[in-house]
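Residues per chain are reported as follows:
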Amino acid sequence: MAKKYDVDYELQGLNDCYLWQYDAATKLKGLLSKKQAFYKKAISDFWEKWTKTVFNIDTATTFGLNLWGEFLGVSRPEYIDDGQTIIFTDDQYRTVIKGRLMLMNSNGSVPSINQYLNYLFPNKAVFVVDYNDMSINLVFYYTPTAEELAIINLDGFLPRPAGVDVNYKIIPPDEVFGFYGQEMAPMDQGTFLA
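A brief report on the enclosed structure follows.

Thresholds, definitions, all that
Residues numbered from 1 in each chain as written. Predicted model: local features only at pLDDT ≥ 70, side-chain atom pairs only at ≥ 80, totals over all residues. Heavy atoms only, no water. Phe/Tyr/Trp six-rings, centres within 6.5 Å; stacked < 30°, edge-to-face > 60°. Salt bridge = Lys/Arg side-chain N within 4 Å of Asp/Glu carboxyl O. Helix = DSSP H or I, 4+ residues; strand = E, 2+ residues; numbered from the N terminus. Buried < 20%, exposed > 50% of the residue type's maximum accessible area, 1.4 Å probe, protein only. Contact = heavy atoms within 4.5 Å. Pairing = 2+ DSSP bridges. Axes fitted to C-alpha atoms, helices over the stretch in contact; angles between N-to-C directions. Parallel < 35°, antiparallel > 145°, perpendicular 65-115°, else oblique. Nonpolar A, V, L, I, M, F, W, Y, C, P; charged D, E, K, R; others polar.

### So, the packing of aromatic side chains
Counted according to the given criterion, the structure contains 9 aromatic pairs. Taken together, the ring pairs connect F46, W47, W50, F55 and F63 into an aromatic cluster.

Set out below in C-alpha cells:
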C-alpha cells in the first residue's frame, strides 16, 4: 500500500506562525485552523489519488499509463486479430510498460530473461531455452492468448543479447506424452535407474 502523504509534518508549525501577543485572537486562530484543515484534506487526497492513478503502475488509469508510456517512449501498441486492428487494453499496455521498465535492468542472461517472463506472466508456464547457437526459444507450456503473443512479438520487448535470434514454441500440456502426475518425468523422478 502506498504511503500516505504526511501533511501534518509540513504544517505542524502553522499555529506557531503568529506572534505570542495574538494568542487571544480567536478569529486569526480560526482562520489558520481552517486553512490547515483544508491543506491537510486537499493535499492528502490529491497525493493519494495521484499515487493510485499515476505513480502505481498496477493501479494506474488510462491517463497514468499514457503518462508512463510517454516517459518511457512506449506508445500504446496495436495488433491484428482476424483481420481487425485492435488497440491494447489498459491491462495489456500495463504489461508492456512493466516490461519496458524491467528491460532497463535486464542483462540478457537466461536467468534474467526467465525472471522477466515470470514477472510479466505470473502463474503461467513460460520460460526461455538457450541452444548455444546464437538463438533462444521462448517455450510456452500452455496456449497463449493472441494478446500475449502480440506483446511478445513487439519489437524490443524481450530482453536478449545482441545478435541472438528469438523464436517461440507453444507446447500445449494436453498434447505432450509423459507419466501421469509426474510432470513428464520418467519413473523414479529422473533418468531410468538400473
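### Some words on the pattern of salt bridges
Side chains that differ in sign of charge can pair as their charged atoms come close. Evaluation of the coordinates by the stated rule reveals 5 salt bridges. The salt bridge partner of R76 is D90, with a shortest N-O separation of 3.0 Å. Taken as a pair, R76 in the loop between helix 3 (62–72) and strand 1 (78–81) and D90 in helix 4 (residues 90–103) lie far apart in primary sequence, 14 residues in all. Take R76: its relative accessible area is 22%, and that puts it in the partly exposed class. One salt bridge in this structure joins D91 and R94, with 3.4 Å as the shortest N-O distance. Separated by 3 residues within a single helix, D91 and R94 lie in helix 4, roughly one turn from each other. For D91, a relative accessible area of 53% puts it in the exposed group.

### Details of the environment of T95
Its place among the elements puts T95 in helix 4. Overall, the relative accessible area of 16% leaves T95 in the buried class. Residues T95 and D58 lie 37 residues apart in sequence; the distance between their C-alpha atoms is 9.3 Å. Those residues within four positions of T95 in sequence are excluded, and the remaining contacts are L120, I151 and F157.

### Notes on the pairing of strand 1
Along a regular strand, successive side chains alternate from one face of the sheet to the other. As judged from the 4 bridges shared by strand 1 and strand 2 (residues 84–87), these two strands associate in the antiparallel manner. When the bridges of strand 2 are listed, Y79 appears paired with I86. Here strand 1 folds back onto strand 2, and the loop between the two strands holds 2 residues, one of which, D82, carries a positive phi near 55°.

### Remarks on the packing of helix 2 (residues 26–55) against helix 3
Helix 3 packs onto helix 2 with a crossing angle of 60° between their chain directions and a minimal axis gap of 7 Å. In terms of orientation, helix 2 lies oblique with respect to helix 3. Contact residues: helix 2 offers W50, T53, V54 and F55, while helix 3 offers F63, G64, L67 and W68. Partitioning the contact of helix 2 with helix 3 into residue classes produces 6 nonpolar, 2 polar and no charged.

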